[in-house]
Amino acid sequence: MTKLGQWLCGLALLGSAWAALALAPPGLRLPAPCRQALLPLPVYLLVAFGCYSLATVGYRLATFNDCEEAAAELQEHISAARADLRRRGLRF
C-alpha cells in the first residue's frame, strides 16, 4: 500500500469515527462539553497538521546541507559553457 493509501485509510477511519460520534446515534448520550469539543475537532486537527508541516519544512530548511564540491563542479560547467558560447560568437 502506498503512503497516500495509508493516509487516506487513516483519514477515512478518523472521519467515520468523528461522524459516528458527531451525529449522536440514538443510544449514545455524550455530555455537553464533549459534544462542544467534538464538533470543531476536524478544524483543530487541520490547524495542528498545518503547524506540524510548517515546523517540518522550517527545520529541514534550517538543516539543509551545502554541497561545496557540487557547487564548484557546477561553476566549472557554467564557465565552460560560457567559453563555448563566446567562441561561437555570443556576447554576455
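So, how was this worked out
Residues numbered from 1 in each chain as written. Predicted model: local features only at pLDDT ≥ 70, side-chain atom pairs only at ≥ 80, totals over all residues. Heavy atoms only, no water. Helix = DSSP H or I, 4+ residues; strand = E, 2+ residues; numbered from the N terminus. Rg over C-alpha atoms; globule rule 2.2 N^0.38 Å. Buried < 20%, exposed > 50% of the residue type's maximum accessible area, 1.4 Å probe, protein only. Lys, Arg positive; Asp, Glu negative; His and termini not counted. Charge placed at Lys NZ, Arg CZ, Asp CG, Glu CD. UniProt positions renumbered as here; feature names shortened; annotations may be inferred. Patch = residues over 30% accessible without salt bridge, like charges linked within 9 Å, V, L, I, M, F, W, Y side chains within 5 Å. Areas by Shrake-Rupley, 256 points an atom, 1.4 Å probe, with all protein chains shown as cover. Salt bridge = Lys/Arg side-chain N within 4 Å of Asp/Glu carboxyl O.

A. Representation of the overall build of the protein chain. When its secondary structure is counted, the protein chain shows 4 helices and 0 strands. Order of helices (α) and strands (β) in the protein chain, N terminus to C terminus: α-α-α-α. For the protein chain, the C-alpha radius of gyration of 27 Å lies well beyond 12 Å, the compact-globule estimate for 92 residues. Taken over the C-alpha atoms alone, the protein chain extends approximately 85 × 25 × 25 Å along its principal axes. Counting the 92 residues in the protein chain, one finds 2% classified as buried. When the 9 basic and 6 acidic side-chain charges of the protein chain are each reduced to a single mean position, those positions are 18 Å apart.

B. Inspection of the UniProt feature "transmembrane region" (unreviewed entry) in the protein chain at higher detail. Following the UniProt record, one finds the feature "transmembrane region" (unreviewed entry) at residues 43-62. Taken end to end, residues 43-62 is 100% helix and 0% strand, and its first and last C-alpha atoms sit 29 Å apart.

C. Expanded view of the UniProt feature "signal peptide" (unreviewed entry) in the protein chain. Residues given the UniProt feature "signal peptide" (unreviewed entry) here are residues 1-19. The annotated region residues 1-19 carries 89% helix and 0% strand content, and the separation between its end C-alpha atoms amounts to 25 Å.

D. Representation of a nonpolar patch on the surface. On the surface, W7, L11, F49 and Y52 cluster together into a nonpolar patch covering about 500 Å² of accessible area. Of all the secondary structure elements, the ones that give two or more residues to the nonpolar patch are α1 (3-22) and α3 (41-62). Take W7: it is sitting in helix α1.

E. Representation of the pattern of salt bridges. Enumeration over the complete set of coordinates arrives at 2 salt bridges. Note that R87 is salt-bridged to D84, the shortest N-O span being 2.3 Å. Here R87 and its partner D84 are both found in helix α4 (residues 68-87), 3 residues apart, which amounts to about one turn of the helix. Given the relative accessible area of 25%, D84 is considered partly exposed. Across the pair R88 and D84 runs a salt bridge whose closest N-O atoms are separated by 3.4 Å. For R88, a relative accessible area of 63% corresponds to the exposed category. The structure contains a network of salt bridges with shared partners spanning D84, R87 and R88.

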